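Analysis of the macromolecular model
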Amino acid sequence: MTTINNSRAKELKKDFPIFKVKMSGKPLVYLDNAATTQKPFPVIKSIERYYRAQNANIHRGVYPLSEKATELFEQAHAKVGSLIGAKQDEIIFTRNATESLNLLAYSLPSLFEKGRDEIVLTEMEHHSNMVPWQQLARRRNMKLRYIRMKDGFTLDYGDAEEKISDKSAVVAAGHVSNALGTVHDVKRLAALARANGAFSVVDGAQSVPHQEVDVGEIGCDFLAFSGHKMAGPTGMGALYGRKQLLENMAPFNFGGDMIRKVSYEGAEWNELPMKFEAGTPNIAGGIGFGVAVDYLENTGLRAIGAWESELLRYALDKIKGVKGVSLFTPGVGKSSGILSFNIDGIHAHDVASLLGGEGVCIRGGHHCAMPLMGKLGVAGTSRVSFYLYNTYEDVDIFIQGLRKAKKVFGV
Ligand SMILES: Cc1ncc(COP(=O)(O)O)c(C=O)c1O
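This one's a predicted model, so the numbers in the text were calculated from it and none came from an experiment.

Calculation rules
Residues numbered from 1 in each chain as written. Predicted model: local features only at pLDDT ≥ 70, side-chain atom pairs only at ≥ 80, totals over all residues. Heavy atoms only, no water. Patch = residues over 30% accessible without salt bridge, like charges linked within 9 Å, V, L, I, M, F, W, Y side chains within 5 Å. Areas by Shrake-Rupley, 256 points an atom, 1.4 Å probe, with all protein chains shown as cover. Salt bridge = Lys/Arg side-chain N within 4 Å of Asp/Glu carboxyl O. Helix = DSSP H or I, 4+ residues; strand = E, 2+ residues; numbered from the N terminus. Expected span 1.5 Å × (residues − 1). Buried < 20%, exposed > 50% of the residue type's maximum accessible area, 1.4 Å probe, protein only. Contact = heavy atoms within 4.5 Å. Near = heavy atom within 4 Å. Polar contact = N/O pair within 3.5 Å; in protein donor to acceptor, adjacent residues only side chain to side chain. 1 Å grid on protein atoms, 1.4 Å probe; cavity = no way out; pocket = protein on both sides within 12 Å on 5 of 7 lines; lining within 4 Å. Sits in = over half its atoms within 2 Å of the grid points. Nonpolar A, V, L, I, M, F, W, Y, C, P; charged D, E, K, R; others polar. Points joined across faces, edges and corners; volume = space filled by probe spheres on them. Domains from an automatic or database assignment. Buried area = accessible area lost by both parts, 1.4 Å probe. Pairing = 2+ DSSP bridges. Axes fitted to C-alpha atoms, helices over the stretch in contact; angles between N-to-C directions. Core = buried A, V, L, I, M, F, W, Y, C linked by side-chain atoms within 4.5 Å. Right-handed = clockwise from strand over helix to strand, strands pointing away. Arc of directions from axis to C-beta.

The next thing to look at is a nonpolar patch on the surface. On the surface, V408, F409 and V411 cluster together into a nonpolar patch covering about 250 Å² of accessible area. Positionally, V408 belongs in helix α14 (residues 392-409).

See below:
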């Protein structure tokens, strides 16, 4: 297995041109990867190449330029599919994980059985895997049930066994909490959903970029994720769905490209994935997404996950030496490379803003998980999130920045 260590991470960093940029006059230390990641040269070049030499609309043209663009866009579906153990036609390109989850909340109910009127989520969901289901519950008069979080920031699987029942229509859970880093046992949740006849949805926005994910291994019906959180361009996301389910589901958007035949009276839907990709898609973005997948596969997803765990271990070790810090983490082994914390006497936003002055990008706030913050009894936290190009030195600079922030605030 290829591994990543500190010197390899420094080499990888050179693939990302943004690290030549200074922020606040200091070298850029980017630790906000859960929000979006930086982009390597091959991805940037593929997008430039498309607009310079390959630009044409897809699926419609019968001239070579259009045929080439179509081929590249379809290949990108195949690459994204192969990353997660899925076939090309089981991958729908969307704008982001949020759109993938909204698509499901609109289209999946056409397959709900009568009498199943409960939607099961966890207390730790990102708003993107909560608000679309809340809206669905309103539209269809369904009930929302939330699997509890235990002390120690992990899920209560006993509670999951109680809440997932023959009344459940769908169980939708994040694979990794973006706010706390907790890795959930989605295989167990998918098995519980299946045993109770419910559909299973995994929000993989924080797992697919950082670890090996295989939909067959998880046993889920659907998986949503974002290309821009995995070295790909913004405006790109994906939804995996089991083919038979996608074939039976109603489309989400209607118009060009998603139809096979149209009359004045009605229309027939195109084959997968076009049925769910109405209109001209983000062609350059899709191609760039495919190239990002190549980059991650060449680097090694398992190596990326292992290196992020090592950085988390290192950061936990260092941050424990800073007085007045409270941590919101299940710890190494149960967490991905995300570390949430607060410093007594300093608001999370002020921590992030002071660190910004030191060239360090971290996130402060509710992390789009307001109900979870309420449950934790905080308005927000500060969050560091790692990716393949982060180094021990990045962590050291971050820790120095924290000490400086404490001095500024006199705490
Ligand atoms: C767990 C999780 N789900 C969903 C999303 C939404 O992703 P996007 O903004 O790319 O739609 C995020 C973004 O931070 C996330 O962390």
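From this point, things continue past the structure.
Right, let's get into helix α2 (residues 41-54). Compared with an ideal rise of 1.5 Å per residue, which puts 14 residues at 20 Å, α2 spans 18 Å between its outermost C-alpha atoms and is within 8% of the ideal. The set of residues buried in α2 consists of V43, S46, Y50 and Q54. Buried residues along α2 sit against α3 (64-83) and α10 (283-299).

Within the structure, the ligand sits among 13 residues, and T98, D203, S226, H228 and K229 are positioned closest to it. Contact distances for the ligand include 2.6 Å between an oxygen atom and a side-chain N or O atom of S226. Protein chains shield 88% of the accessible area of the ligand, which is 390 Å² for the free molecule. Of the pockets mapped on this structure, the ligand occupies the largest pocket. Here the shell around the ligand is composed, by residue class, of 3 nonpolar, 8 polar and 2 charged.

Another point: the layout of surface pockets. Roughly 400 Å³ of volume is contained in the largest pocket. Taken together, 28 residues line the largest pocket, and the ones lying closest to its centre are A34, H126, N178, Q206 and K229. Of all elements in the fold, only α4 (97-107) and β16 (363-365) reach the threshold of two or more residues within the lining of the largest pocket. Of the residues assigned to the lining of the largest pocket, the class counts are 8 nonpolar, 15 polar and 5 charged. The residue makeup of the lining of the largest pocket includes at least three contributed by each of domain 1 (6-30 + 300-409) and domain 2 (44-298). Each pocket or cavity is described by its volume, and for the second largest pocket that value is around 240 Å³. Elements with a contribution of two residues or more to the lining of the second largest pocket: β4 (91-94) and α4. Ranked by residue count, the leading element in the lining of the second largest pocket is β4, at 3 residues.

Turning next to the domain arrangement of the chain. Once the domains are mapped, the chain shows domain 1 (6-30 + 300-409) and domain 2 (44-298). Spacing between the C-alpha centres of domain 1 and domain 2 amounts to 28 Å. With 33 residues of domain 1 in contact, the opposing surface of domain 2 contributes 34 residues. Carbon and sulfur atoms make up 61% of the area that domain 1 and domain 2 hide from each other, which totals about 2600 Å². Contact with domain 2 buries area across many residues of domain 1, yet L301, L372 and Y387 alone supply 24% of it, more than any other trio. Here domain 1 is connected to domain 2 by 2 salt bridges. A salt bridge links E212 to R302; its shortest N-O distance comes to 2.9 Å.

Let's shift gears to the sheet that holds strand β6 (residues 143-147). The mixed open sheet is built from 7 strands, whose spatial order is β4-β10-β9-β8-β7-β5-β6. Every other strand in the sheet has two partners, leaving β4 and β6 as the edge strands with one partner each. Along the sheet, successive strands turn relative to each other by an average axial angle of 20 degrees, direction set aside. Alignment of β4 against strand β10 (residues 237-241), held across 4 bridges, turns out to be antiparallel.

The next thing to look at is the environment of A278. Note that A278 resides in the loop between β12 (267-269) and α10. On the accessibility criterion, A278 (27% relative accessible area) is partly exposed. In the structure, A278 is positioned 203 residues away from Q75 in sequence and 18 Å away in space, judged by C-alpha atoms. Those residues in contact with A278, other than ones at most four positions away along the chain, are N253, F254, G255, G256 and M258.

As a further point, take the nonpolar core. Membership of the largest hydrophobic core comes to 77 residues, with the highest contact counts inside it found for I84, L223, I362, L388 and F398. The element contributing the most residues to this core is helix α11 (residues 301-319), with 10 residues. Beyond its immediate sequence surroundings of up to four residues, L388 is in contact with I4, A9, L12, F16, Y295, L296, I304, W307 and E308. Counting residues in each nonpolar core, the second largest holds 27 residues, with I92, L121, A172 and V201 among its members.

A separate point is the pairing of strand β7 (residues 168-174). Counting buried positions along β7 yields 7 of 7 residues, so the element is predominantly enclosed. The pairing of strand β5 (residues 118-122) with β7 spans 3 bridges and is classified as parallel. When the bridges of β7 are listed, E118 appears paired with S168. In this fold, β7 hands off to helix α7 (residues 186-195), which returns the chain to strand β8 (residues 199-203); that crossover is right-handed.

Think of an α-helix as turning once every 3.6 residues; residues three or four places apart then point the same way. Burial in helix α12 (residues 348-356) covers these residues: A348, V351, A352, L355 and G356. Looking down the long axis of α12, one finds its buried residues gathered within 140 degrees of arc, a one-sided arrangement. Check the buried side of α12 and you find it contacts β1 (22-23), β14 (338-343), β15 (360-361), β16, β17 (381-385) and α14.

This next bit is on unusual backbone geometry. Glycine aside, a negative phi is what most residues show, and trans is what most peptide bonds show. With an omega of 0 degrees, the peptide bond between L272 and P273 qualifies as cis. Looking at the secondary structure, you find P273 in the loop between β12 and α10. In this structure, H59 takes a positive phi of about 65 degrees despite not being glycine. Topologically, H59 is positioned in the loop between α2 and α3. A relative accessible area of 27% places H59 in the partly exposed class. Phi is positive for C368, close to 55 degrees, though the residue is something other than glycine. Within the secondary structure, C368 is located in the loop between β16 and α13 (370-376).

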